[in-house]
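Each chain, written out:
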Amino acid sequence: MTSFITRRLVYSTVKKHGQKFMLISSAKSSRQLVHTSSLLHRPELSREEKGDVVVSGRTFQRDDMTTVTPKIISKVGRDLHNMKQHPICIIKELIRDFFYKRFLTNRGTPLFSIYDNLSPIVSTEENFDQLLVPRDHISRQKQDNYYINSSTILRAHTSAHQHSLVRAGLDAFLVAGDVYRRDTVDASHYPVFHQMEGVRLFTEYELFKDCQGASDLKLFETGKKDSDKQACHTLEAVKLVEFQLKQTLTELVEHLFGKGIETKWIEVYFPFTHPSWELEIKFQGEWLEVLGSGIMEQAILNSAGAGEKIGYAFGLGLERLAMILFNIPDIRLFWSEDDRFLSQFKVDDPYKVTFKPFSKYPLLRNDISFWCPPGYQSNDFYDVVRSVGGDLVERVTLIDEFVHPTTKKLSHCYRLEYRHMEKTLTQDEVSVIHWKIADAAEAEIKVEVRKK
């Protein structure tokens, strides 16, 4: 008999009447024989698994950069940001309405246009190169992104559309959509979330028209880059755009969270803006970061055919704002189709909504230890967990790391926390899922589950 042992579970392969069974036992469950075919049977490889990746009806050739999984592909097209009375859509509409009412053209129509149905399938050039992200920048790493192949990616941010929209001649626009990043598993992180991007460009006349001595003020100069500005910008232009940006975004968070909300600006670095800032709000006694922003790198505007203008850009996470505004405790809830969740947002005034938990089913914890192969990344294991366990896994935590003194092999031990959002899970049900995760991890990312 061989055993795969975690802190709480024992999986033992036994033979009975010439057939193999998996004996599952734990501290909180009875011993149970399960025929291994029900656990280990893996269907014949699909066309996608054999070589092609199919996303939204489009076929792509898989290569050594491919990290997208069937579970992630299944989320493409869900478009929570366009589902009426869904909390993600509500936040999007609150932001859209603020810009529609705050900025009007001379004809009384909204200055800003919104684009919320752009495909999340973009080129790596759009996602990185057009935004001046260096080739060796950490944000390009395979471990952090859902690459379809080496030249195509599920967008990691809505900024991926910034260059093309500016090239199309737009001066003021919003982009909302689903974005994809490989990340840890917990109540505040999900591999698919939603962002809203904003861009505003100014000509020299538009920026300075209300300034005294406007004819003497210029957007550009030949200077040096420092912490306050880019080399090509005048300090006067940058300070005025900064003022417009910060005033606009401060008014936006007041629109969302009420007048008097305490805010502060933090200087940060982004490859595609300089100078750059994050905005934090003080909410229920804690400082929370809600958005990133900055003066657009002039090289982006130059390459997009808008080199005679200066502009700002900002981006914010819709889930983060919705979790704060509606007091939603777990990011997985946004993907729930349970009417006990969705019905709470079918109201005329979303500002009156405070999420009321409809269940808190018991948490079940199980551990898994394995030897890591060369080049192992934790996000590879997290993807296996999400692909097999789905939204039943609430959190994955690395609880132990060990290097064998002789072989120098690296061992990781993870604690997986299981909880169904709509019913109570039994330990026997979790045991089967946990074994399937272990089996898939060995098969797909070549770890060696530690056995005793």
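Residues numbered from 1 in each chain as written. Predicted model: local features only at pLDDT ≥ 70, side-chain atom pairs only at ≥ 80, totals over all residues. Heavy atoms only, no water.

S.K.: Is there a simple way to explain the sheet that holds strand E8 (residues 121-123) in this structure?
M.R.: Adjacent strands of a sheet form backbone hydrogen bonds with each other and so pair up, either parallel or antiparallel. Spatial strand order, E8-E10-E9: 3 strands in an open sheet with antiparallel pairing. Only two strands of the sheet have a single neighbouring strand rather than two, namely E8 and strand E9 (147-149). Strand-to-strand twist of the sheet, defined as the mean angle between neighbouring strand axes without regard to direction, takes the value 35°. (Pairing = 2+ DSSP bridges. Helix = DSSP H or I, 4+ residues; strand = E, 2+ residues; numbered from the N terminus. Axes fitted to C-alpha atoms, helices over the stretch in contact; angles between N-to-C directions.)

S.K.: I'm lost on the nonpolar core in this one. Help?
M.R.: Nonpolar side chains tend toward joint burial in soluble globular proteins. By size, the foremost hydrophobic cluster in this structure holds 72 residues, and its most contacted members are Ile95, Leu154 and Phe334. Looking at this core element by element, the count peaks at 9 residues for helix H8 (residues 235-257). Not counting residues within four places of it along the chain, the set of residues in contact with Leu154 comprises Val55, Val68, Ile72, Val76, Pro120, Ile121, Tyr146, Ile148 and Tyr180. Leu364, Cys372, Ile433 and Val447 belong to the second-largest nonpolar core, a separate cluster that totals 25 residues. (Core = buried A, V, L, I, M, F, W, Y, C linked by side-chain atoms within 4.5 Å. Buried < 20%, exposed > 50% of the residue type's maximum accessible area, 1.4 Å probe, protein only. Contact = heavy atoms within 4.5 Å.)

S.K.: Explanation requested: the sheet that holds strand E13 (residues 262-270) in the structure shown.
M.R.: Sheet architecture is open: 7 strands sit in the order E7-E11-E12-E16-E15-E14-E13, paired in mixed fashion. Sheet topology places strand E7 (113-115) and E13 at the edges, where each strand pairs with a single neighbour. Ignoring which end each strand starts from, the neighbouring axes of this sheet average 25° apart. Where strand E15 (residues 286-296) and strand E16 (residues 310-317) come together, 5 bridges link them in antiparallel fashion. Bridge assignment links Ile295 to a residue of E16, and that residue is Tyr312.

S.K.: Looking at this structure, how should I read the side chain of Asn149?
M.R.: By the secondary structure assignment, Asn149 is in strand E9. For Asn149, a relative accessible area of 8% corresponds to the buried category. At a separation of 3.0 Å, a polar atom in the side chain of Asn149 contacts the main-chain amide nitrogen of Thr152. (Polar contact = N/O pair within 3.5 Å; in protein donor to acceptor, adjacent residues only side chain to side chain.)

S.K.: Sorry, what's going on with helix H13 (residues 427-444) here?
M.R.: Given 3.6 residues to a turn, an α-helix orients residues that are three or four positions apart in the same direction. For H13, built from 18 residues, the straight-helix expectation of 26 Å at 1.5 Å per residue is met to within 8% by its first-to-last C-alpha distance of 25 Å. Taken as a whole, H13 has its buried residues at Gln427, Val430, Ser431, Ile433, His434, Trp435, Ile437, Ala438, Asp439, Ala440 and Ala441. Positive backbone phi, approximately 60°, marks Lys446, located one or two places after H13. (Expected span 1.5 Å × (residues − 1).)

S.K.: What should I look at first to understand unusual backbone geometry in this one?
M.R.: Outside of glycine, negative phi angles account for most residues, and trans bonds account for most peptide bonds. Here the amide bond leading from His274 into Pro275 is cis, since omega sits at -5°, within 30 degrees of zero. In this fold, Pro275 is placed in strand E14 (residues 273-283). The backbone of Asp79 sits at a positive phi, close to 50°, despite the residue not being glycine. Among the structural elements, Asp79 can be located in the loop between helix H3 (70-73) and helix H4 (87-102). Even without being glycine, Asn327 reaches a positive phi, approximately 60°. Among the structural elements, Asn327 can be located in the loop between helix H10 (318-326) and helix H11 (339-342).

S.K.: Hey, could you run me through the environment of Glu319 in this one?
M.R.: Assignment of secondary structure puts Glu319 in helix H10. Put simply, Glu319 and His189 are 130 residues apart on the chain and 9.6 Å apart in space, counted from C-alpha to C-alpha. If near-sequence neighbours (up to four positions away) are discounted, Glu319 is found in contact with Ile88, Val192, Phe193, His194, Ile331 and Phe334. Reaching out from Glu319, the side chain makes a polar contact with the side chain of His194 at a distance of 2.7 Å.

S.K.: Would you mind going over the environment of Val122 with me for this structure?
M.R.: Summarising the element assignment, Val122 is placed in strand E8. Val122 sits 29 residues away from Ser151 along the chain, and the two C-alpha atoms are 8.7 Å apart. Setting aside residues up to four positions removed in sequence, Val122 forms contacts with Asn127, Ser151, Thr152, Ile153, Arg155, Ala160 and His161.

S.K.: Where do I start with the pattern of salt bridges in this structure?
M.R.: Side chains carrying opposite charge are able to pair once their charged atoms draw close together. Per the stated rule, a full pass over the model turns up 26 salt bridges. Among the ionic pairs, Asp367 bridges to Arg415, the shortest N-O distance being 2.8 Å. Placement of the pair is Asp367 in strand E17 (residues 364-371) and Arg415 in strand E19 (residues 410-418), with a sequence separation of 48 residues. Accessibility expressed as a relative area gives 21% for Arg415, which makes it partly exposed. (Salt bridge = Lys/Arg side-chain N within 4 Å of Asp/Glu carboxyl O.)

S.K.: I keep staring at the packing of helix H12 (residues 378-389) against H13 and nothing clicks. Help me out?
M.R.: A packed helix pair is summarised by two numbers, namely the angle formed by the two axes and the spacing between the axes. Put simply, H12 and H13 touch, their axes get as near as 9 Å, and they point 135° apart. By the angle between their directions, the pair H12 and H13 is classed as oblique. For the pair H12 and H13, the crossing hand works out as right-handed. Facing H12, whose interface residues are Phe381, Val384, Val385, Val388 and Gly389, H13 presents Ile433, Lys436, Ile437, Ala440, Ala441 and Glu444. (Parallel < 35°, antiparallel > 145°, perpendicular 65-115°, else oblique. Left-handed = near helix turned anticlockwise from the far one by under 90°.)

S.K.: Quick question: what am I supposed to make of the pairing of E16 here?
M.R.: Moving residue by residue along a regular strand, the side chains alternate between the two faces of the sheet. The element E16 is extensively covered by neighbouring structure, given that 6 of its 8 residues are classed as buried. Pairing geometry for strand E12 (residues 192-202) and E16, over 8 bridges, is antiparallel. Bridge pairing links Val199 to Ala313 in E16.

S.K.: Explain the confidence of the model for the chain to me, please; I cannot follow it from the model alone.
M.R.: Any segment with low pLDDT has predicted coordinates that should not be analysed in fine detail. Summing up the model confidence of the chain, the mean pLDDT is 89 and the portion of residues at 70 or higher is 89%. pLDDT under 50 marks residues 1-48. Its contacts with residues more than four places away, or in other chains, come to 112 contacts. (pLDDT = per-residue confidence, 0-100.)

S.K.: Whenever I open this one, the packing of aromatic side chains confuses me. Can you help?
M.R.: One pair of aromatic rings is described through two measures. These are the centre distance and the angle between the planes. Following the criterion strictly, the structure yields 20 aromatic pairs and no others. Seen in terms of ring centroids, Phe334 and Phe341 are 6.5 Å apart; in terms of plane orientation they differ by 85°. Their pairing is edge-to-face. The residues Phe334 and Phe341 share a single accessibility class, namely buried. Feature note: the residues Phe326, Phe334, Phe341, Phe345, Phe355 and Phe358 constitute an aromatic cluster, connected by ring pairs. Here the basic side chain of Arg102 rests over the ring of Phe103, its NZ or CZ set 4.7 Å away from the ring centre. Note that Lys264 overlies the ring of Trp287, its terminal NZ or CZ placed 4.5 Å from the centroid. (Phe/Tyr/Trp six-rings, centres within 6.5 Å; stacked < 30°, edge-to-face > 60°. Lys NZ or Arg CZ within 6 Å of the ring centre and 35° of its normal.)

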